[in-house]
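Coordinate analysis (summary)
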Amino acid sequence: MTAKSRQRLQGLLFGVAFGFLLQKGGVTRFDVIVGQLLLEDFTVVKIMLTAVAVGTVGIHWLKHRGWTSFSPKRGSWGRNAIGGMLFGVGFALLGYCPGTIAGAIGSGWLDALAGGLPGILLGSALLAAAYPWLQARVFSRGDFGDLTLPRLFKTNDWLVIAPLLAIIALLFFLLERAGL
Amino acid sequence: MNWLSEVRWSPYVVGAAIGVLSWFTLLVSRQPLGCSTSFARTAGMIERLFRGRKVDEKPYYREVRPEVDWQWLLVIGMVIGAFLAARLSGDLAAVWVPARWAAAFGTAPLPRLLAALAGGILLGFGSRWADGCTSGHGISGTMQLAVSSWISACCFFSGGILAAWFLYRVVA
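Residues numbered from 1 in each chain as written. Chains lettered and ligands numbered in written order. Predicted model: local features only at pLDDT ≥ 70, side-chain atom pairs only at ≥ 80, totals over all residues. Heavy atoms only, no water.

1. Comments concerning the overall build of chain B
As a reminder, the rule being used: Put simply, DSSP H or I for four residues or longer makes a helix, DSSP E for two residues or longer makes a strand, and each gets a number counted from the N terminus. The buried label goes to any residue with under 20% of its type's maximum accessible area, the exposed label to any with over 50%, and the partly exposed label to all in between, with areas taken from a 1.4 Å probe on protein chains only. Should any heavy atoms of two residues lie within 4.5 Å, those residues are counted as being in contact. All accessibility values rest on the Shrake-Rupley procedure with a 1.4 Å probe; residue burial counts only the protein chains present in the view. Here the positive residues are Lys and Arg and the negative ones are Asp and Glu; neither His nor the chain ends is included. Lysine's charge is taken at NZ, arginine's at CZ, aspartate's at CG and glutamate's at CD.
Assigned secondary structure in chain B consists of 8 helices and 0 strands. For chain B, the succession of helices and strands along the chain, N to C, is α-α-α-α-α-α-α-α. Expressed as lengths along the three principal axes of its C-alpha atoms, the size of chain B is roughly 45 × 40 × 35 Å. Relative to its full complement of 172 residues, chain B shows a buried share of 53%. Across chain B, contacts joining residues at least 24 apart in sequence account for 50% of those joining residues at least 6 apart. For chain B, the accessible surface area stands at approximately 7400 Å², while carbon and sulfur atoms represent 68% of it. Distance from the positive charge centre (15 side chains) to the negative charge centre (9 side chains) of chain B: 4 Å.

Next comes the structure, spelled out in structure tokens:
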């Protein structure tokens with residue numbers, strides 16, 4: 001097996017695990033995602049922040065051991081804030097995101113397959129067409145490159161990770177106490 | 001193996017497992033979990049069916065090549081994984097209109113399909129504008145402590161909460 005096909009097979013298997021988990025977590029359902037955005041059902045926030053807490057500790061430990069490396073995405077206010085808000089509106093209207101829609105299609109949601117999927121492909125193609133224009137005028141506004149929180153606060157990784165974990169734990173405690 | 005046939009698992013268990021999964025994708029494949037780039041690559045492959053090799057010359061597709069890669073197969077795998085999970089718990093849907101939508105806007109499939117199409121267009125456009133989605137920025141980027149990802153994730157949810165309030169509380 002070539003290196004390329006081994007890499008692709010790994011992607012497929014990781015995807016099976018990821019999709020399985022998302023479906024069992026309930027976030028491949030429109031009702032759960034829109035419930036989160038209406039602040040009635042906190043499943044999405046609980047899954048994402050637990051993944052972030054566990055993931056952050058693990059990948060930074062791996063990085064400090066020299067076993068892996070990663071490169072934070074570059075960004076700008078023009079790119080991440082405006083694009084993020086547009087994404088948010090689409091998120092509320094569609095009720096799935098690009099990852100969970102794959103799981104929604106697999107678990108038989110026909111609005112995801114017949115409406116959402118062609119929509120995402122069309123939206124991606126439109127962005128590709130507008131890319132040179134946006135790149136020249138919008139994407140460079142408020143550019144901060146590949147800045148990370150530790151560099152922003154001029155401290156080491158663990159002094160960012162420890163308070164982050166504490167905030168996530170506090171939020172979970174408050175959510176559970178409020179019965180959400 | 002009763003737990004495999006349960007419809008829902010605890011969100012904390014699922015989240016922790018996704019966190020562990022993200023260690024292994026970095027360690028084994030040197031890739032972070034992410035999804036939306038694959039939709040852009042697919043859009044390029046479809047465009048190529050109509051416009052031929054000229055598509056590869058577009059500035060966007062010179063950076064995001066319309067080809068099958070690790071993440072593209074990850075997304076295919078996700079369809080299969082979710083199918084298996086739903087099959088094991090008898091949770092396969094075959095439904096056009098989700099309950100929350102039906103409660104707000106009725107059970108007719110066409111309005112739901114049009115909204116899903118419009119939402120999908122904004123989602124595809126916005127995710128490529130922001131250079132990531134709820135997994136690439138929201139999970140993988142935030143755990144790398146990237147400023148771009150934290151801003152994106154906050155805006156995904158701010159925009160989503162505002163739009164959901166408007167759609168399901170004001171319009172409906």
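So much for the structure itself; the text now carries on.
2. Considering the interface of chain B and chain A
So the rule is basically this: Note on definitions: buried area is the accessible-area loss of two parts on being combined, 1.4 Å probe, summed for both. We count a salt bridge whenever a side-chain nitrogen from Lys or Arg sits within 4 Å of a carboxyl oxygen from Asp or Glu. Contacts described as polar in this section are N or O atom pairs within 3.5 Å, which, within protein, must combine one atom able to donate a hydrogen with one able to accept it, while residues neighboring in sequence count only if both atoms come from side chains. Ten residue types, Ala, Val, Leu, Ile, Met, Phe, Trp, Tyr, Cys and Pro, are classed as nonpolar, four, Asp, Glu, Lys and Arg, as charged, and the remainder, Gly among them, as polar.
The interface is formed by 118 residues belonging to chain B together with 119 residues belonging to chain A. Counting the surface lost from both chain B and chain A, the interface buries some 10500 Å², and carbon and sulfur atoms represent 75% of this. Of all residues in chain B, the largest losses of buried area upon contact with chain A belong to R100, W129 and L145 of chain B, amounting jointly to 8% of the total for that side. Put simply, chain B and chain A have 4 salt bridges between them. Between D91 of chain B and R29 of chain A there is a salt bridge whose closest N-O contact spans 2.3 Å. Along the contact surface separating chain B from chain A lie 39 residue pairs in polar contact (both at pLDDT 80 or more). Every element with two or more residues in the side of chain B that touches chain A is listed here: α1 (11-29), α2 (36-51), α3 (59-63), α4 (70-88), α5 (99-105), α6 (109-129), α7 (136-143) and α8 (147-171) of chain B. It is α8 of chain B that provides the largest number of residues to the side of chain B that touches chain A, a total of 19 residues. Partitioning the side of chain B that touches chain A into residue classes produces 77 nonpolar, 30 polar and 11 charged.

3. Notes on the side chain of R79 of chain A
By secondary structure assignment, the location of R79 of chain A is in helix α4 (residues 77-94). Here R79 of chain A sits buried without a salt bridge, and the closest side chain of opposite charge, D131 of chain B, lies 4.5 Å off (N-O distance). Separated by 2.8 Å, the side chain of R79 of chain A and the backbone oxygen of W129 of chain B make a polar contact. Here R79 of chain A is in contact with G84, Y131 and F139 of chain A together with R128, W129, A130 and D131 of chain B, once residues within four sequence places are set aside.

4. Overview of the side chain of T28 of chain A
Residue and element names in this part refer to chain A. Structurally, the position occupied by T28 is in the loop between α1 (3-25) and α2 (30-37). Owing to a relative accessible area of 0%, T28 belongs among the buried residues under this scheme. Dropping the residues within four chain positions of it, T28 is found in contact with L22, Q23, Y96, T100, G103, A104, S107 and W109.

5. Digging into unusual backbone geometry
With the exception of glycine, the majority of residues adopt a negative phi angle, and the majority of peptide bonds are in the trans configuration. All names here are of chain B. Of note in this structure, R30 is not a glycine but carries a positive phi near 55°. By the secondary structure assignment, R30 is in the loop between α1 and α2. Notably, A94 is not glycine yet its phi reads approximately 50°, a positive angle. For A94, the location among the structural elements is in the loop between α4 and α5. Given a relative accessible area of 59%, A94 falls into the exposed group.

6. Some points on the confidence of the model for chain B
Here is the rule we go by: Confidence of the predictor in every single residue is expressed as pLDDT, which spans 0 to 100.
Per-residue confidence for chain B averages 97 on the pLDDT scale, and 99% of its residues sit at or above 70. Scoring the predicted complex yields pTM 0.97 and, for the interface, ipTM 0.97.

7. Description of the packing of aromatic side chains
Formally: For Phe, Tyr and Trp, rings pair up if their centres lie within 6.5 Å, where Trp contributes its six-membered ring, and each pair is then called stacked (planes under 30 degrees apart), edge-to-face (over 60) or tilted (otherwise).
Within the structure shown, the criterion is met by 20 aromatic pairs over all chains. The interplanar angle of 50° and the centroid separation of 5.6 Å between the aromatic rings of F87 of chain A and F91 of chain A together place this pair among those described as tilted. With F87 of chain A and F91 of chain A both in helix α4 and 4 residues apart, the pair spans about one turn of that helix. We note that F87 of chain A, like F91 of chain A, is buried. Note on Y60 of chain B and Y61 of chain B: the rings are 5.7 Å apart at their centroids and 80° apart in plane angle, and the pair reads as edge-to-face.

8. So, the nonpolar core
As a reminder of what qualifies: As used here, the term nonpolar core means buried Ala, Val, Leu, Ile, Met, Phe, Trp, Tyr and Cys residues forming a set that is joined through side-chain atoms within 4.5 Å.
One finds F18, F91 and Y96 of chain A together with I18 and Y168 of chain B to be the most contacted residues of the largest nonpolar core, which totals 63 residues. Excluding residues that lie within four positions of it along the chain, Y168 of chain B makes contacts with F30, V34, L38, A92 and L93 of chain A together with W101, A104 and F105 of chain B. Counting residues in each nonpolar core, the second largest holds 18 residues, with L149, I161 and I168 of chain A together with L145 of chain B among its members.

9. Looking at the packing of α1 of chain A against α1 of chain B
Axes are the key here: two packed helices are described by the angle between their axes and the distance separating the axes. Short version of the rule: All axes here are fitted lines through C-alpha atoms, helices being fitted over the stretch that makes contact, and every angle between N-to-C directions spans 0 to 180 degrees. For this classification, under 35 degrees means roughly parallel, over 145 means roughly antiparallel, 65 to 115 means roughly perpendicular, and everything else is oblique.
Running from N to C, α1 of chain A and α1 of chain B cross one another at 170°; their axes reach a closest spacing of 10 Å. In terms of orientation, α1 of chain A lies roughly antiparallel with respect to α1 of chain B. Listed contacts from α1 of chain B to Q7, Q10, F14, A17, F18, L21, L22, K24 and G25 of chain A of α1 of chain A are V14, A17, I18, L21, F24, T25, V28 and S29 of chain B. When the residues that make up the contact of α1 of chain A with α1 of chain B are grouped by side-chain class, the tally is 11 nonpolar, 5 polar and 1 charged.

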